[in-house]
Amino acid sequence: MISYIIRRLLYAVPILIGVNLLTFALFFMVNTPDQMARVQLGDKHMDAKAIEAWKAERGYDKPLFMNEREDSEGLLTDTIFFDKSVRLFALDFGKSDEGRAIIEDIQQRMWPSLAVALPSFILGILVNISLALFVVMFRGSLFDTGAMVACVAMMSISGVFYVFAGQFFFAKMWHLVPVSGYVPGADAWRFLILPVVIGVISGIGSGVRLYRTLFLEEASKDYVRTARAKGVSELGVLFRHVLPNGMIPILTSVVVVIPSLFMGSLLVESFFGIPGLGSYTLDAIQAQDFAIVRCMVFLGSVLYILGLLLTDISYTLVDPRVRLS
Amino acid sequence: MDGAWQGLVSVRIAGTLMNRLSDHSEMLFNSPFRLSFSLLLVMLLAGCQEQAWNNPHPDEDGDARILYSSFSSRPKHLDPARSYSSDESRFIDQIYEPPLEYHYLKRPYELIPNTLTEMPQIEYSDAHGNPVPEQSPLVAYSTYVLTIKPGIHYQPHPAFALGSDGNPRYRFASARDSQEYQSLEDFTETGTRELVSDDYIYQIKRLADPANLSPVRGLLAEFIVGMDEFGDRVTAIRKERPRNQRWVNLDDLDMEGLERLNDYQFSIRLKGKYPQFRYWLAYHFFAPVPELVDEFYNQPGLADRNIVLDWHPVGTGAFMMTRNDPNEVIVLERNPNFREDLYPSEGEKEDEANGLLAAAGQPMPFLDKVVYRLEKEAIPLWSKFLQGYYDRSGIGADSFDQAVSVGSQGIRLSDEMIEKGITMEIEVVPGTYYLAFNMLDPIVGGQRPHNAPRLNARDAKEHQKTAERARKLRQAISIAFDQEESISIFANGRGEVGMGPIPPGIFGYQTGRNGLNNLVYDWVDDGNGGGRAVLKPIEYARKLMAEAGYPDGRDADTGKPLVLNYETTSGGGNSNQIWLIKQFRKLGIELNIRSTDYNRFQEKIRTGNAQIFSWGWMADYPDAENFLFLLYGPNGQVATDGAGVNSSNYSNPEYDRLFDRMKLMPDSPERMAVIRKMLDIFQHDAPWGSVWHPHAYVLNNPWVKNTKAHGISQSVLKYIDIDPEMRDRVWAERNPPVITPLLTVLGLLFLLGLGGYLAWRKRLQVKVFHD
């Protein structure tokens, strides 16, 4: 397995170079360094000297891909692309175009993101699986039909509606939790309880439907019939046979997102004022801060690759038939 | 009581209660139920603490006078040389003290000494340095002599901490040496120092240093003697140094226009006369930064951990920044070293009646702390203001109807706000928004580029005819464009129609009949000595269109419809654009909306490729020059490659000549007469289709005191006070926890679960085969 993991990690290198190249090309096709300088420096009283000084300070005064003024070594290395991209592979994220150290920002903002995303994720899976099993127990009944109608209705409602409704009832009308905000430490739970509950509830519709389908597929297999014929109780059938076997496809959809959890959620973080990473990239795009955009895209790619690798590994753990080679 | 501790106690109590209850009914109180009931009980008991359940502010500050506010976008720069945005000024202007400040209560805006003993003394001299009177045509230099009050001290800061040997306590030779200091709080020792004239001089040198990217460097270099040369010298020195040793002690270099007279006195020499310079002396660009502080922040390794002056300001002001987490919260606390500064004892007539002089003569600041929390969305912000958790708020479009009611008597607070004791301030923002025509465009402008070759007599006559056609077209559009309706629909009535670039509150603004743009508006008397401006009839505009060669919106020569282009950065099809198309359609003009991103938009304006667009300007300082220069020919965007502020590229030699005269004049009837002539030219040439000046509405909760909107200065926190007892009381009144619905929901869920459980049990007991 170790050789498999090493091979997969090596495959990731060209992918990351490609992602970097693509991000760079797309960004600079839309924005020139001069325009970035104008956005950063503002409209008022701005002159050409200030633009040149800004570009020089941040290394945007070099050619994009090829420096024809340099000799063979500097031809490719003394360029914006080389300067801004190669360091990423050593996880040296440098400074944002505003002048702040990016790694400091990421380290600071990942914890609030995790504080919302992790409980929402774990509770969401537990609630969805529990409810799906509950519905499967009543398969074919009116309750099952009613539950599915409710799930479709819940899926049809926009996530923003859950946020507004939650804030309106729990915070504004009943004064049970703060409308939004965040404080680190022991008092954080007061701010996290509403976004977590909303995160869980808004995912119930799709989650329960998906897991119900997976469990029903398992429940109709021969080994389940055999278990019942042997006299295993209905609960035993569900928890000892259907659930473990139904977990294999669930893992594909779950494990892959685990590393990305700390990237946060734009919607929840914006509306609840959680200072996480969710809005970091979007803010950077709006501010034309290429330094942050490239770092976050790079980080997102690394985490996605990591997620896929973890999924493959988890298969071997839950299904002994699977062997990585 | 501490929330976490109380939570633990609550869990214990809940656990005990549940144990007792579970003795009686095993089925009902199984473990999942016990867990949910315990959680509910935790919530209920945690709520027994003094703090309201939904209070977003940690209960850790006791009875301190704390103002709670918010910010919607994180400040980018807090360096006084670099910052140039109101989002940033609201923080740093409480910390940094420039030599002058604006009187808090008096209107029109009045400059007064801040850290100075008196207003700057101005001496005039000729090209050889000989003194000449102010009015002399020989004036080549003006020298501002500034005298600082002794005894002003900086906030406590590690840059001022001294070791036992009397040298600065924190000095690092390499990044490794500074490794243990991960944040500014890790520097446990602090010190202070008296403010001296060197600190102001150092900051002006920082403005001149191109590495500091000061947005006003170019503008000030035109006036301050030796500023450009100083910048070039620093840059040359820096270039010769290795990349990690680029910091230059600016004290080691002299700047020709700056002179240190003694510890408390220095002078700044300007080229010629520049009366508006006094306003710049009230801007944070001219706040003191000691060399010690600059050196401290430029030590190796600190910038990698965001320990820079751009994020951790150091000043002599009433407040100091004790927490700067722009992703979450920014905290200002009272500067313990702040000098004696008393609340003003005079103001406008109505200030006494409004209670604004109740604190006259009392030492400032009144607040102990100001907490700004990041709030990106308007709805949570508004909800928290109504709950009392923010002390002050603006009025967003979503909450406008809830906050105010519009009636025959104008805009007033809604009954709901009055019931809560909320008060409203209306601020006439010193800003101007306008519909601009690009005067270099052949159809709507008809003006020739500044560098175009001279025309012969015949071509000049032809060009004059083209320019006149364009002028009439612009005037017709100005009449068709109903600015009052636009303000009513898109700004909820928060603004007023402008007749020229100068907004209300600034010398040169004229209201009523005197200020009327007679070419676009008619004056309608109300019979009581008053009246109002109404747009000329649309038929008159159509007549102008015909005279311009576009009868019914069609070119008289070709018969083709006239199509004009409006440049914008907002997406197509929104209500604003549909309304705009309708305005032009009144004249038969087809308006083509060209939406683009901000970069492309800026490029079009800079290169003169736009035809019609909307633009705006907010005042740097309260002087007519700061608005009339928006139409000064040499400031044209195209002529200056984007550096100028004249976005419509308007150029009129007579206007420019009058501007050159007006900018040097003191506010006087003579100056007003010159301004009036300039406005006449502006109204005749109509380079802007319409103008409006925005109003800002600010709401205050009833415990907030001493607030008066100030259009120019952001340095107002030291005047504001709150009544914390009243706020605590209102918090409790407005936010009683309502648990009945929650219990009902939990009860329903319980019943649903119980029903499911019973149904399942029943299903298991169904007999497939009957005996």
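Residues numbered from 1 in each chain as written. Chains lettered and ligands numbered in written order. Predicted model: local features only at pLDDT ≥ 70, side-chain atom pairs only at ≥ 80, totals over all residues.

- As recorded in an unreviewed UniProt entry, chain A goes by ABC transporter permease and comes from Parathalassolituus penaei.
- Per UniProt, chain A has the following entry under Sequence similarities (unreviewed entry): "Belongs to the binding-protein-dependent transport system permease family." (UniProt positions renumbered as here; feature names shortened; annotations may be inferred.)

1. With respect to the sheet that holds strand β9 (residues 329-334) of chain B
All names here are of chain B.
Step number 1: Spatial ordering of the open sheet is given by β1-β10-β9-β8, a layout of four strands whose pairing is mixed. Two strands lie at the open edges of the sheet, namely β1 (66-71) and β8 (319-325), each paired on one side alone. Each neighbouring strand pair of the sheet contributes to a mean axis angle of 20 degrees, computed without reference to strand direction.
Step number 2: When β1 meets strand β10 (residues 369-374), the two strands line up parallel, connected through six bridges. What sits directly across from Ser 70, in β10, is Arg 373. (Pairing = 2+ DSSP bridges. Helix = DSSP H or I, 4+ residues; strand = E, 2+ residues; numbered from the N terminus. Axes fitted to C-alpha atoms, helices over the stretch in contact; angles between N-to-C directions.)

2. Observations concerning the pairing of strand β5 (residues 141-147) of chain B
Residues and elements named next belong to chain B.
Step number 1: Across five bridges, strand β4 (residues 121-125) lies against β5 in antiparallel orientation. Residue pairing in the sheet places Ser 125 in a bridge with Tyr 141 of β5.
Step number 2: For β5 and strand β7 (residues 265-271), the ladder comprises seven bridges, and the chain directions are antiparallel. Within β7, the residue paired with Leu 146 across the bridge is Phe 266.

3. A word on unusual backbone geometry
Step number 1: Geometrically, the link from Arg 107 of chain B to Pro 108 of chain B is a cis peptide bond, its omega value of 0 degrees lying close to zero.
Step number 2: With respect to the element layout, Pro 108 of chain B can be found in the loop between β2 (100-102) and β3 (111-113).
Step number 3: Although it is not a glycine, Gln 288 of chain A adopts a positive phi angle of roughly 55 degrees.
Step number 4: You can see Gln 288 of chain A is positioned in the loop between α13 (280-286) and α14 (290-318).
Step number 5: A residue is classified by how many C-beta atoms lie within 10 Å of it, and Gln 288 of chain A, with 21 of them, is buried.
Step number 6: For Asn 306 of chain B, which is not glycine, the phi dihedral falls at a positive 60 degrees.
Step number 7: Looking at the element boundaries, Asn 306 of chain B is found in the loop between α8 (291-297) and β8. (Buried ≥ 20, exposed ≤ 12 C-beta atoms within 10 Å, placed from the backbone.)

4. Here we look at the nonpolar core
Residue and element names in this part refer to chain B.
Step number 1: Grouped together as the largest cluster of nonpolar side chains are 94 residues, with contacts concentrated most on Ile 204 and Phe 286.
Step number 2: For this core, the leading source of residues is helix α4 (residues 197-208), giving six residues.
Step number 3: The contacts of Ile 204, once residues within four sequence positions are left out, are Leu 258, Ile 268 and Phe 286.
Step number 4: Membership of the second largest hydrophobic core comes to 59 residues, among which are Val 520, Tyr 632, Met 662 and Trp 688. (Core = buried A, V, L, I, M, F, W, Y, C linked by C-beta atoms within 7 Å. Contact = placed C-beta atoms within 7 Å.)

5. Here we look at the packing of helix α10 (residues 222-229) of chain A against helix α11 (residues 234-255) of chain A
Each pair of packed helices can be summarised by the angle the axes make with each other and by the distance between the axes.
All names here are of chain A.
Step number 1: Where α10 contacts α11, the axes come no closer than 11 Å and their chain directions differ by 150 degrees. Here α10 is positioned roughly antiparallel relative to α11, judged by the angle of their axes. Here the hand of the crossing between α10 and α11 comes out right-handed. Here Tyr 223, Val 224, Ala 227 and Arg 228 of α10 come into contact with α11, specifically with Val 237, His 241 and Val 242.
Step number 2: Counted by class, the contact of α10 with α11 contains five nonpolar, one polar and one charged residues. (Parallel < 35°, antiparallel > 145°, perpendicular 65-115°, else oblique. Left-handed = near helix turned anticlockwise from the far one by under 90°. Nonpolar A, V, L, I, M, F, W, Y, C, P; charged D, E, K, R; others polar.)

6. Brief notes about the interface of chain B and chain A
Step number 1: Of the residues lining the interface, 46 residues belong to chain B; the matching set on chain A comes to 45 residues.
Step number 2: The set of elements that each furnish at least two residues to the side of chain B that touches chain A consists of α1 (3-22), α5 (217-221), β10, α10 (378-387), α17 (598-607) and α22 (740-764) of chain B.
Step number 3: The element best represented in the side of chain B that touches chain A is α22 of chain B, accounting for five residues.
Step number 4: Tallied by class, the residues present in the side of chain B that touches chain A amount to 22 nonpolar, 12 polar and 12 charged.

7. Some thoughts on the domain arrangement of chain A
All names here are of chain A.
Step number 1: Considered domain by domain, chain A is made up of domain 1 (2-90) and domain 2 (111-318).
Step number 2: Relative placement of domain 1 and domain 2: their C-alpha centres are 37 Å apart.
Step number 3: Facing the 15 residues of domain 1 at the interface are 12 residues of domain 2.
Step number 4: Looking at the side of domain 1 that touches domain 2, the elements that each hand over two or more residues are α1 (2-30) and α2 (33-41).
Step number 5: If you tally residues by element for the side of domain 1 that touches domain 2, the top one is α1, at 10 residues.
Step number 6: For the side of domain 1 that touches domain 2, the per-class residue count stands at 10 nonpolar, three polar and two charged. (Domains from an automatic or database assignment.)

8. Observations concerning the sheet that holds β4 of chain B
Residues and elements named next belong to chain B.
Step number 1: In spatial order, the strands read β4-β5-β7-β6; together these four strands make up an open sheet with antiparallel pairing. Of all the strands in the sheet, the pair left with one neighbour each is β4 and β6 (258-262). Pairwise comparison of adjacent strand axes, ignoring direction, gives a mean angle of 25 degrees for this sheet.

9. Some details on the UniProt feature "transmembrane region" (unreviewed entry) in chain A
Residue and element names in this part refer to chain A.
Step number 1: Sequence positions flagged by UniProt for "transmembrane region" (unreviewed entry) are, in local numbering, residues 9-30, 114-136, 148-171, 191-211, 248-271 and 291-318.
Step number 2: Split by type, residues 9-30 is 100% helix and 0% strand. Its first and last C-alpha atoms lie 32 Å apart.
Step number 3: The span residues 248-271 is 58% helix and 0% strand, and its two end C-alpha atoms sit 35 Å from each other.

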